[in-house]
Amino acid sequence: QVQLVESGGGLVQAGGSLRLSCAASGRTFSRYAKGWFRQVPGKEREFVAAINWIGGITYYADSVEGRFTISRDNAKDTVYLQMDSLKPEDTAVYYCAAEQRTGPSRTPGRYDYWGRGTQVTVSS
């Protein structure tokens, strides 16, 4: 099974930046489309960003577009989320996900594999 491991979360002040990474381990499949989602206690998991298997085609939630950038390095089986101009409302556990399709998706139900998440906390 494909395993996804997020890293790079932490505590930052509003206006600061973080770069999240999601590395695949075990069985890998370079043609997976990948996405980032986030979740806070008591709320549904929220779409953040997605990228197609080769890169270059991306989707973003309206709340993060212009501030976050998703990218991938298939040679390293890794997807990244660069987060700039962070706001307190960005505070959440961030999850990466992968699906065995080449196109990106905004819908969590379409993803086949999920990481365990990494905490991002933005102070005011």
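See the structure printed just above.
Let me sum up the structure you'll find in this document. In this text the structure is predicted, and so the values were computed from the model without any measurement. (Residues numbered from 1 in each chain as written. Predicted model: local features only at pLDDT ≥ 70, side-chain atom pairs only at ≥ 80, totals over all residues. Heavy atoms only, no water.)

### Digging into the pattern of salt bridges
When charged atoms on two side chains of opposite charge get close, those side chains can pair.
Right, so step 1: Scanning the model with the defined rule gives four salt bridges in all.
Right, so step 2: D90 is the salt-bridge partner of R67, the closest N and O atoms lying 2.8 Å from each other. Residue R67 is located in the loop between β6 (58-60) and β7 (68-73), and its partner D90 is located in the loop between β8 (78-83) and β9 (92-99); the two are separated by 23 residues in the primary sequence. Like R67, the residue D90 is buried in the burial classification.
Right, so step 3: Note that E99 is salt-bridged to R101, the shortest N-O span being 2.6 Å.
Right, so step 4: Owing to a relative accessible area of 0%, E99 belongs among the buried residues under this scheme.
Right, so step 5: The class for R101 is partly exposed, based on a relative accessible area of 32%.
Right, so step 6: Several salt bridges share partner residues, and in doing so they unite R38, E46, R67 and D90 into one network. (Salt bridge = Lys/Arg side-chain N within 4 Å of Asp/Glu carboxyl O. Helix = DSSP H or I, 4+ residues; strand = E, 2+ residues; numbered from the N terminus. Buried < 20%, exposed > 50% of the residue type's maximum accessible area, 1.4 Å probe, protein only.)

### As for the sheet that holds β7
Right, so step 1: Read from one edge of the open sheet, four strands run β1-β3-β8-β7, paired in antiparallel fashion. Only two strands of the sheet have a single neighbouring strand rather than two, namely β1 (2-7) and β7. Across the sheet, the mean angle separating the axes of adjacent strands is 20° when strand polarity is ignored.
Right, so step 2: Here six bridges tie β7 to β8, and the two strands are oriented antiparallel to one another. Directly across from D73, in β8, lies its bridge partner T78. (Pairing = 2+ DSSP bridges. Axes fitted to C-alpha atoms, helices over the stretch in contact; angles between N-to-C directions.)

### Structural notes on the state of the cysteines
Right, so step 1: Within the structure shown, the criterion is met by one disulfide.
Right, so step 2: The partner cysteine of C22 in its disulfide is C96, sulfur to sulfur 1.9 Å. On the sign convention where negative is left-handed, the bridge of C22 and C96, at about 55° about the S-S bond, is right-handed. Of this pair, C22 sits in strand β3 (residues 18-26) while C96 sits in strand β9, and the two are 74 residues apart along the sequence. Per residue, the accessibility class of C22 equals that of C96, and both read buried. (Disulfide = S-S within 2.5 Å.)

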